[in-house]
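# A look at the structure
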Amino acid sequence: MTGPKKISKTDVNTDSIVPDVEKRRDDMRAVVIAPVLKAARAKPNPTAVARSDEARLEEAVGLARAIDLTIVHSAVVPVSQPKPGTLLGTGKIAEIKESLDEHDAGLVIVDHPLTPVQQRNLEKEWNAKVIDRTGLILEIFGRRASTKEGTLQVELAHLNYQRGRLVRSWTHLERQRGGAGFMGGPGETQIEADRRLLQDKIIKLERELEQVRRTRQLHRSKRKKVPHPIVALVGYTNAGKSTLFNRITGAGVLAEDMLFATLDPTLRRMKLPQGRTVILSDTVGFISDLPTHLVAAFRATLEEVLEADLILHVRDMSDPDNGAQSSDVLRILGDLGIDEKDGAERILEVWNKIDRLEPEARDALVQKSENQPNVIAVSAISGEGVDTLLGEINQRLSGVLVDRDVIVPVMQLQLLPWIYDHSIIDLREDMEDGNVRLELRLTETEAAELDRRLGIGQKAQREDWER
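Now for a description of the structure that goes with this document. Keep in mind that what you see is a predicted model, and the values were worked out from it rather than measured.

### Digging into the side chain of Ser369
Looking at the element boundaries, Ser369 is found in helix H13 (residues 359-370). Given the relative accessible area of 4%, Ser369 is considered buried.

Right under this line is the structure:
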């Protein structure tokens, strides 16, 4: 498997990260298990929407397939009492070992965080490579990152994760003895040297990402000089954000039916049907239990969401687990600093993939969305509802439109491009004296600006006549 940029052996002794075991023949054949802790199930989070065990397993299988693994077996594994050394009990460990032998698989995906000791012990028990949820997501992100910024962010998250996997420190790895006297204490161990080298690389990457953050802030300040509203797409991974982005902007962003099909953020300038220019931002998809390493590493990217004037929360309404997915997205937005009160004004829910529903369910969902003020039902594939969505975006960003009937003097016809960019022209009449009469609709703010510009023009025209 390819993945995030690894530290070379010249930098770090990789023997101290993962113990040497004789791996099975085919580590592209994987067994996926989703441990379910009974204690956690008995005391669910009262503010969260319950996620079914089957949905968890299906998502874990989807994550594994996103890096081209062949899934030979998958199962939900109840855990009554987590074991500190292995998480699972001896019976379940034996069952999974039999499955590995039966299918000749060399990889086990555990959809649960594992401590370094648990990961090492399970690898010894199964004689196979073991990856927990965090490691799997890092592997996917490493494959998807295509820009320098994305690569830096993934590498930083990977190093922070890897730092906790430096678990072996044997005397044969000790450097030369230190201290004075005949006996002398042991010198710096290899694991300590590895830890120091990892920390040095982490500090270097953090500095580079800080430069990325400053560059993004500079770009934002430039955009503010030509103030175009920013609309950010957020949502659970595979909710259809990139497909909707392509539908609206005509961009060629990668959009496939897989988890984390795109990683690096994309910004496009687009013009709404009423003529308003906005910037649309497609961001990385969210996921439940998103590793804290990734949230921290991708903060510079996710700041685009914080700066957005309007946030489109895209939901896959064909997924029966979409309620829990929505809760995960809102929780991550809250972690970023978008609280519930602020979100009610800035967040517009987009109920996507209605084309996948049965006709009766689709009609009921569309009717339900029409009765809610912050919801638009769409199909990014067929385009159904997209025009309504664009109209809602325009109204949210522009406010209520007012009707105006204006005459643009012949001396001020240079204002026509501005008028066409900032209003909806219902009627144009070119008069015999060269003036242009317009019946138009625009926001109150733009109407005040038009009055100001016409007033300045009329004043200048009077001054010319007086001369």
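### Looking at the sheet that holds strand S3 (residues 107-110)
With parallel pairing, four strands are arranged side by side in an open sheet as S2-S1-S3-S4. Whereas interior strands pair on both sides, the edge strands pair on one side only; in this sheet they are strand S2 (70-79) and strand S4 (129-132). Taken pair by pair, the neighbouring strands of this sheet meet at an average axis angle of 20°, ignoring direction. Pairing of strand S1 (residues 29-37) with S3, which is carried by four bridges, proceeds in the parallel orientation. Bridge assignment links Ala30 to a residue of S3, and that residue is Leu107. Along the sheet, helix H4 (residues 116-126) contacts S1, S3 and S4; its crossing angle with S4, the most-contacted strand, is approximately 145°.

### Brief notes about a nonpolar patch on the surface
Nonpolar side chains collect at one region of the surface, where Val410, Met411 and Leu413 lie side by side and expose about 230 Å² of accessible area between them. Counting through the fold element by element, Val410 comes out in the loop between strand S11 (401-408) and helix H15 (416-422).

### Regarding the nonpolar core
The biggest cluster of nonpolar side chains holds 40 residues, and the ones touching the most others in it are Val32, Leu69, Ile109 and Leu333. If you list the elements that add at least two residues to this core, you get S1, helix H2 (53-65), S3, helix H5 (133-144), strand S5 (230-235), helix H10 (299-306) and helix H11 (322-336). Per-element accounting of this core gives the leading share, five residues, to H2. Formed jointly, this core draws a minimum of three residues from each of two domains, domain 1 (26-39 + 47-139) and domain 3 (228-398). The contact partners of Ile109, leaving out residues within four places of it in the chain, are Ala30, Val31, Val32, Ile33, Ala64, Leu69, Ile131 and Leu136. Core analysis: the next-biggest nonpolar cluster, separate from the first, contains 23 residues, Leu233, Ile248, Val278 and Leu390 among them.

Cut-off values and rules
Residues numbered from 1 in each chain as written. Predicted model: local features only at pLDDT ≥ 70, side-chain atom pairs only at ≥ 80, totals over all residues. Heavy atoms only, no water. Helix = DSSP H or I, 4+ residues; strand = E, 2+ residues; numbered from the N terminus. Buried < 20%, exposed > 50% of the residue type's maximum accessible area, 1.4 Å probe, protein only. Pairing = 2+ DSSP bridges. Axes fitted to C-alpha atoms, helices over the stretch in contact; angles between N-to-C directions. Contact = heavy atoms within 4.5 Å. Patch = residues over 30% accessible without salt bridge, like charges linked within 9 Å, V, L, I, M, F, W, Y side chains within 5 Å. Areas by Shrake-Rupley, 256 points an atom, 1.4 Å probe, with all protein chains shown as cover. Salt bridge = Lys/Arg side-chain N within 4 Å of Asp/Glu carboxyl O. Core = buried A, V, L, I, M, F, W, Y, C linked by side-chain atoms within 4.5 Å. Domains from an automatic or database assignment.

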